[in-house]
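# Observations on the three-dimensional arrangement
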Amino acid sequence: MFEKVKISPSILSADLCNLEKEIKAIESAGAGLVHIDVMDGHFVPNLTFGLPLVKRIREITSLPLDVHLMISNPLDYVEKYLDAGADILTAHIEAGSPEEMNRFARRVHAAGKKAGVALRPSTKPEAVDDVISSFDMVLAMSVEPGFSGQKFQSSVIDSMAEICAIAAAHNCSPLMQADGGIGVGTAQKVCASGADVLVCGNACFCNDDYSKAISAIKVDAELGRAAGLKKQQLLAQYM
Ligand code: DX5
Ligand code: ZN
């Protein structure tokens, strides 16, 4: 758990013709990471960024690069994305067997970087049961992967709580990341359910003032986290 909830703006919603300016702007507006959505047109019905862009972004920011692989064959690309500059490299559980996912995490850790495992909204939380202790972060999708600007799916709230319970049963506490339709209102809900890192595309970049947008999401997130902790204390007291 981070001491404070971190915001990871997704550059999928940025002005791509001015990407350096956009990244510098979110950096001074209080972003904690930069979220880069890599899509292959196969695992998801969209094509976005690849290795050259990650490499170039690495050169212009000191923020950690949070690379979300929405690709069918993540094991073919682990070292390539780490060499390009990824600090957290996340692959989807639906893209490999538990053995392959554990191998993915081992190879990320061998390079001294953090490994994440992501789930589509329809994937049952138990899918991570055999791999969760290998990972530093679980990314719970709150929209179907592929596009920014979609409506938040509230099923992620229960999924996130179940994933936290699975982690506790394995005596581990990976960071919890929520991705899709997160902004003021939904930030509070996912943070009450255990989220530590919030991916924000439209809620960050579709604003005139990034600093105000990120600060408002942070306030909402901390309100949610405080409510979640309070609820846990009360449950422990009464149940
Ligand atoms: C969707 C991506 C998200 C997306 C988030 O497949 O993984 O990171 O860019 O965008 P918003 O916050 O607009 O839903
Ligand atoms: Zn993403």
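### Quick notes on the pattern of salt bridges
A complete count under the given rule lists six salt bridges for this structure. The salt bridge involving Glu20 is made with Lys24; its shortest N-O contact spans 3.2 Å. With Glu20 and Lys24 both in helix α1 (residues 19–28), this residue pair falls four residues apart, about one helical turn. For Glu20, a relative accessible area of 40% corresponds to the partly exposed category. Judged by relative accessible area, Lys24 falls into the partly exposed class, the value being 38%.

### A few points about the coordination of the zinc ion (ligand 2)
Within the first shell, the zinc ion (ligand 2) binds the protein through His35 (NE2), Asp37 (OD), His68 (ND1) and Asp179 (OD), at distances of 2.1 to 2.3 Å. In this structure, the zinc ion (ligand 2) is surrounded by six donor atoms whose angles at the metal cover 68 to 171 degrees, and the resulting shape is octahedral. Coordination of the zinc ion (ligand 2) draws on donor residues from a single chain, spaced H-x1-D-x30-H-x110-D in sequence. Of this pair, His35 sits in strand β2 (residues 34–39) while Asp179 sits in strand β7 (residues 175–179), and the two are 144 residues apart along the sequence. For the residue pair His35 and Asp179, the accessibility class agrees, reading buried in each case.

### Some details on helix α2 (residues 51–60)
Among the residues of α2, those classed as buried are Val54, Ile57 and Ile60. Down the axis of α2, the buried side of the element spans an arc of 125 degrees, and every buried residue falls inside it. Those residues of α2 that are exposed and angled more than 90 degrees off the buried face are Pro52, Lys55 and Glu59. Those residues of α2 that are buried lie in contact with α1, β2, β3 (65–70) and α3 (78–84).

### Details of the sheet that holds strand β4 (residues 88–92)
Pairing between the strands of a sheet is mediated by backbone hydrogen bonds and can be parallel or antiparallel. The strand order β1-β8-β7-β6-β5-β4-β3-β2 describes an open sheet built from eight strands, whose pairing is parallel. Of all strands in the sheet, those bounded by a partner on one side alone are β1 (6–9) and β2. In this sheet, adjacent strand axes meet at a mean angle of 25 degrees when their direction is disregarded. Against the sheet, α2 contacts β2 and β3, and its axis sits at roughly 170 degrees relative to β3.

The rules behind the values
- Residues numbered from 1 in each chain as written.
- Chains lettered and ligands numbered in written order.
- Predicted model: local features only at pLDDT ≥ 70, side-chain atom pairs only at ≥ 80, totals over all residues.
- Heavy atoms only, no water.
- Salt bridge = Lys/Arg side-chain N within 4 Å of Asp/Glu carboxyl O.
- Helix = DSSP H or I, 4+ residues; strand = E, 2+ residues; numbered from the N terminus.
- Buried < 20%, exposed > 50% of the residue type's maximum accessible area, 1.4 Å probe, protein only.
- Donors = N, O, S within 2.8 Å, 3.2 Å for Na, K, Ca; no water.
- Tetrahedral: all angles 85-135°; square planar, octahedral: opposite > 155°, others 65-115°.
- Arc of directions from axis to C-beta.
- Contact = heavy atoms within 4.5 Å.
- Pairing = 2+ DSSP bridges.
- Axes fitted to C-alpha atoms, helices over the stretch in contact; angles between N-to-C directions.

Treat this as a map of the structure, not an account of what it does.
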